[in-house]
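Single-letter residue listing:
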Amino acid sequence: MRRIVACVAVAIAATAIASPAQAQERGCFEEFLRDGRSVEVYCDEGRPGRFRAVAHCSNGLAFWDQYGTIGRVRGSSSVAVCTSLLGYPRVDGYHVYWL
C-alpha cells in the first residue's frame, strides 16, 4: 500500500514539474522571449499604477525568483530575465508584483 501511495505521489510531482502552471493575472498577458530565458508581461487591466513581472527561474540545480523592470498598466511592459552562472536558466512561470 505504501508503494502505491509513493508511486502516485511521484507521478503527480513529475506531472507538476513537466508542465508548470502559469500564474496569469487578470488583465495581464505574457510573451516568453530568448529561448525561454525571459518573460515580458503586459497589463491592460487591474490595479492602477505600476507592476513588476517576477519570473520563476530554474537551471536544473536550483530554483529562484528574478524581478523584472517596472511596467505601467496600459503603458509599458515589464521584462524579467533569468540569469545563472551554472546550467541553462529557463522561466518556469511568473507572477505579477503590484507596486
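To be clear, the structure that these remarks concern was listed above.
Notes on the structure in this doc start here. (Residues numbered from 1 in each chain as written. Predicted model: local features only at pLDDT ≥ 70, side-chain atom pairs only at ≥ 80, totals over all residues. Heavy atoms only, no water.)

## Focus: the nonpolar core
So, point 1. In this structure, Val 39, Val 41, Cys 43, Phe 51, Ala 55, Val 96 and Trp 98 are the most contacted members of the largest nonpolar core, which totals 15 residues.
So, point 2. Those elements that place two or more of their residues in this core are strand 2 (38–43), strand 3 (50–58) and strand 6 (90–98). (Core = buried A, V, L, I, M, F, W, Y, C linked by side-chain atoms within 4.5 Å. Buried < 20%, exposed > 50% of the residue type's maximum accessible area, 1.4 Å probe, protein only. Helix = DSSP H or I, 4+ residues; strand = E, 2+ residues; numbered from the N terminus.)

## A closer look at the state of the cysteines
So, point 1. Here the structure, examined in full by the defined rule, presents two disulfides.
So, point 2. Here Cys 28 pairs with Cys 43 through a disulfide, and the sulfurs are 2.0 Å apart. Looking down the S-S bond of the Cys 28 and Cys 43 bridge, the torsion is 105°, so its handedness is right-handed. Here Cys 28 is found in strand 1 (residues 28–33), whereas its partner Cys 43 is found in strand 2, with 15 residues between them in sequence.
So, point 3. Here Cys 43 falls in the buried class, since its relative accessible area comes to 3%.
So, point 4. Paired by a disulfide, Cys 57 and Cys 82 hold their sulfur atoms 1.9 Å apart. (Disulfide = S-S within 2.5 Å.)

## Side note on the sheet that holds strand 3
So, point 1. The three strands are arranged 4-3-6 in an open sheet whose pairing can be described as antiparallel. Here the strands that pair on one side only, and so sit at the sheet edges, are strand 4 (63–72) and strand 6. The mean inter-strand angle of the sheet, taken between neighbouring strand axes irrespective of direction, is 25°.
So, point 2. Taken together, the eight bridges between strand 3 and strand 6 define a ladder with antiparallel strand orientation. Directly across from Phe 51, in strand 6, lies its bridge partner Trp 98. (Pairing = 2+ DSSP bridges. Axes fitted to C-alpha atoms, helices over the stretch in contact; angles between N-to-C directions.)

## Some words on the sheet that holds strand 1
So, point 1. Read from one edge to the other, the open sheet built from three strands follows the order 1-2-5, with strand pairing classed as antiparallel. The outermost strands of the open sheet, each flanked by one partner alone, are strand 1 and strand 5 (78–81). Neighbour to neighbour, the strand axes of the sheet diverge by 20° on average, direction disregarded.

## Looking at unusual backbone geometry
Outside of glycine, negative phi angles account for most residues, and trans bonds account for most peptide bonds.
So, point 1. With a phi angle near 55°, Arg 74 is a residue other than glycine that sits in the positive phi range.
So, point 2. Mapped onto the elements of the fold, Arg 74 is located in the loop between strand 4 and strand 5.

## Quick notes on the pattern of salt bridges
So, point 1. Enumeration over the complete set of coordinates arrives at one salt bridge.
So, point 2. The salt bridge partner of Arg 90 is Asp 92, with a shortest N-O separation of 3.0 Å. (Salt bridge = Lys/Arg side-chain N within 4 Å of Asp/Glu carboxyl O.)

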